[in-house]
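Analysis of the macromolecular model
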Amino acid sequence: MAWDYDWITEEIIGKAFKVSNTLGAGFLEKVYENALAIELRKSGFSVNQQYPIHVHYQGEIVGEYFADLYVEKTVIIELKTVKTLDDIHLAQVLNYLKGTRNSIALLINFGAPKVQIKRVINNVL
């Protein structure tokens with residue numbers, strides 16, 4: 001099924017705000033991962049937690065990482081619980097997109113008083 005990226009990311013962002021408003025800041029990343037997965041599944045989304053994704057280089061698998069959440073095998077979600085998002089977090093997500101040939105990810109930080117969300121797009125596949 002082809003997803004409308006704007007629609008799916010808006011739905012995920014809405015659920016992230018709901019989780020943040022309910023739990024607040026201060027928990028470990030895994031708590032937010034589990035809560036967001038529950039919210040997304042309740043809305044009918046296919047959600048994989050700690051989903052192994054292979055990183056490719058010149059047609060070869062050169063590594064593996066685990067996406068915190070992988071929604072509809074379309075959107076990679078990287079969760080953080082830090083004071084504020086940094087450029088290194090954005091670079092991490094961009095590298096995940098490049099290495100996996102996915103085109104969209106959400107970087108979500110539950111560590112700040114207000115949830116921080118960055119929508120990251122890789123137009124170069």
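Quick look at the structure, then. (Residues numbered from 1 in each chain as written. Predicted model: local features only at pLDDT ≥ 70, side-chain atom pairs only at ≥ 80, totals over all residues. Heavy atoms only, no water.)

1. So, the sheet that holds strand S1 (residues 47–57)
Here five strands make up an open sheet; going across it, the order is S1-S2-S3-S4-S5 and the pairing mixed. Because the sheet does not close on itself, it has two edges, and the strands there are S1 and strand S5 (116–121). Neighbouring strand axes in the sheet, compared pairwise and without regard to direction, differ in orientation by 35° on average. Contacts from helix H2 (residues 29–42) reach S1, strand S2 (60–71), strand S3 (75–80) and strand S4 (104–109) within the one sheet, and its direction differs from that of S1 by about 105°. (Pairing = 2+ DSSP bridges. Helix = DSSP H or I, 4+ residues; strand = E, 2+ residues; numbered from the N terminus. Axes fitted to C-alpha atoms, helices over the stretch in contact; angles between N-to-C directions. Contact = heavy atoms within 4.5 Å.)

2. Some points on the pairing of S2
Looking at chain direction, S1 and S2 are connected through ten bridges and run antiparallel. When the bridges of S2 are listed, Asn48 appears paired with Tyr70. With antiparallel pairing between neighbouring strands as the criterion, S1 and S2 make up a hairpin whose turn holds two residues, including Gln58 at a positive phi of roughly 50°. As paired elements, S2 and S3 share three bridges and run antiparallel to each other.

3. A look at the packing of helix H1 (residues 5–23) against H2
Contact geometry of H1 with H2 gives a least axis separation of 9 Å together with a crossing angle of 125°. Considering their axes alone, H1 and H2 lie oblique with respect to each other. In the packing of H1 onto H2, the handedness of the crossing is right-handed. Side by side, H1 and H2 meet where Ile12, Lys15, Ala16, Lys18, Val19 and Leu23 of the first sit next to Val31, Tyr32, Ala35, Leu36, Glu39 and Leu40 of the second. Class assignment of the residues belonging to the contact of H1 with H2 gives a composition of nine nonpolar, no polar and three charged. (Parallel < 35°, antiparallel > 145°, perpendicular 65-115°, else oblique. Left-handed = near helix turned anticlockwise from the far one by under 90°. Nonpolar A, V, L, I, M, F, W, Y, C, P; charged D, E, K, R; others polar.)

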